[in-house]
Amino acid sequence: EPSSPSAAAMSRFVRRLAGIPWRQIAGEASSVGLLMAQGLCAVHVVSEHVLGVAFPRGPSMLPALNMAGDVLLTDKVSPRRGWVGPGDVVLLLSPEDPRKIVAKRVLGMEGDEVTYPVDAGNSDATKTVVVPQGHIWVQGDNIYSSNDSRQFGPVPYGLVKGKMSYRIWPPSRIGSIDSKE
């Protein structure tokens, strides 16, 4: 019985498929996949534990940081080594909402006396506190539009996740983040 043209074409197709080195292709794909996974793991470890990128938003750090659009390198090693001090701009978990990360300037370390305006813009009244052990005092540079230690008190040092060290965007402002003491 003669075979149909479609059966012959199917037979040629099957022979061609059988001639493809599937094991070699699978081995190469698996090697590439493993290499990509290792690369992604390395990027994750570096960005979480060594050097990350932050995109702070909001008015609380004006004029040091823009309301939106700044891209900053964040040193993740300094907080773990205790290399954070007054004047540094840090990223920290918000003590009011741990799902949020906020940028603030460190104004006092444990044992420091910090005097701050109680109601900036509406009164000259000030209050002085001593920062307790294991805590820091943080405030936004724009005291008229910042929710910070003046409202929620000293922050446990363990909430500090990074020290903002260098602005990489926008090009007109590339450079170190200024340190105010």
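Analysis parameters
Residues numbered from 1 in each chain as written. Predicted model: local features only at pLDDT ≥ 70, side-chain atom pairs only at ≥ 80, totals over all residues. Heavy atoms only, no water. Buried < 20%, exposed > 50% of the residue type's maximum accessible area, 1.4 Å probe, protein only. Helix = DSSP H or I, 4+ residues; strand = E, 2+ residues; numbered from the N terminus. Pairing = 2+ DSSP bridges. UniProt positions renumbered as here; feature names shortened; annotations may be inferred. Salt bridge = Lys/Arg side-chain N within 4 Å of Asp/Glu carboxyl O. 1 Å grid on protein atoms, 1.4 Å probe; cavity = no way out; pocket = protein on both sides within 12 Å on 5 of 7 lines; lining within 4 Å. Contact = heavy atoms within 4.5 Å. Points joined across faces, edges and corners; volume = space filled by probe spheres on them. Nonpolar A, V, L, I, M, F, W, Y, C, P; charged D, E, K, R; others polar. Domains from an automatic or database assignment. Buried area = accessible area lost by both parts, 1.4 Å probe. Polar contact = N/O pair within 3.5 Å; in protein donor to acceptor, adjacent residues only side chain to side chain.

A. Main features of the pairing of strand 4 (residues 101–108). Burial analysis of strand 4 places six of its eight residues in the buried class, the great majority of the element. One ladder, built from five bridges, connects strand 3 (residues 89–93) with strand 4; its direction is antiparallel. By the bridge assignment for strand 4, Leu 93 is matched with Ile 101. Bridging between strand 4 and strand 7 (residues 135–139) involves three bridges; their strand directions are antiparallel. Within strand 7, the position partnered with Val 106 by the bridge is Val 138.

B. Summary view of the UniProt feature "domain: Peptidase S26" (unreviewed entry) in the chain. Here, the residues flagged by UniProt with the feature "domain: Peptidase S26" (unreviewed entry) are residues 36–117 and 126–169. Each end of residues 36–117 is marked by a C-alpha atom, and these two atoms are 52 Å apart; helix forms 23% of the span and strand 33%. For residues 126–169, the helix share is 9%, the strand share is 50%, and the end-to-end C-alpha distance is 36 Å.

C. Region of interest: the pairing of strand 3. Counting buried positions along strand 3 gives four out of five residues, so the element sits mostly inside the fold. For strand 3 and strand 9 (residues 160–169), the ladder comprises four bridges, and the chain directions are antiparallel. Counterpart to Val 90 in the pairing with strand 9 is Lys 163.

D. Seen up close, the pattern of salt bridges. Scanning all chains against the criterion turns up five salt bridges. A salt bridge links Arg 99 to Asp 97; the nearest nitrogen and oxygen atoms lie 3.1 Å apart. Judged by its relative accessible area of 76%, Arg 99 is exposed. Among the salt bridges present, the one from Arg 150 reaches Asp 148, with a minimum N-O distance of 2.8 Å. On the basis of relative accessible area, Asp 148 is assigned to the buried category, the value being 0%.

E. Quick peek at the UniProt feature "active site" (unreviewed entry) in the chain. Per the UniProt entry, the sites bearing "active site" (unreviewed entry) are Ser 60 and Lys 104 in this numbering. In terms of the greatest pairwise C-alpha distance, the residues named above, spread along 45 residues, form a tight cluster of at most 7.8 Å across. Cross-referencing the annotated residues with the largest pocket identifies Ser 60 and Lys 104 as lining it. Residue placement: Ser 60 occurs in the loop between strand 1 (51–54) and strand 2 (71–75). Those residues in contact with Ser 60, other than ones at most four positions away along the chain, are Ala 103, Lys 104, Gly 140, Asp 141, Asn 142, Ser 145 and Ser 146. With respect to the element layout, Lys 104 can be found in strand 4.

F. View of the layout of surface pockets. There is about 310 Å³ of room inside the largest pocket. Counting residues per element, the lining of the largest pocket draws most heavily on strand 4, which supplies four residues. In terms of residue class, the lining of the largest pocket is made up of eleven nonpolar, seven polar and four charged. Space inside the second largest pocket adds up to approximately 250 Å³. If you trace the second largest pocket, you find 15 residues lining it, with Thr 74, Lys 76, Leu 91, Ile 101 and Lys 161 closest to the centre. Among the elements that make up the lining of the second largest pocket, the one with the highest residue count is strand 1 (three residues).

G. Layout of the domain arrangement of the chain. Segmenting the chain into domains produces domain 1 (5–50) and domain 2 (55–176). Centre-to-centre, using C-alpha coordinates, domain 1 lies 48 Å away from domain 2. Taken together, the contacts link four residues of domain 1 with five residues of domain 2. When domain 1 packs against domain 2, the two sides together hide about 290 Å² of surface, and 33% of this comes from carbon and sulfur. Counting across the domain 1 and domain 2 interface gives zero salt bridges. Connecting domain 1 to domain 2 are three residue pairs in polar contact (both at pLDDT 80 or more).

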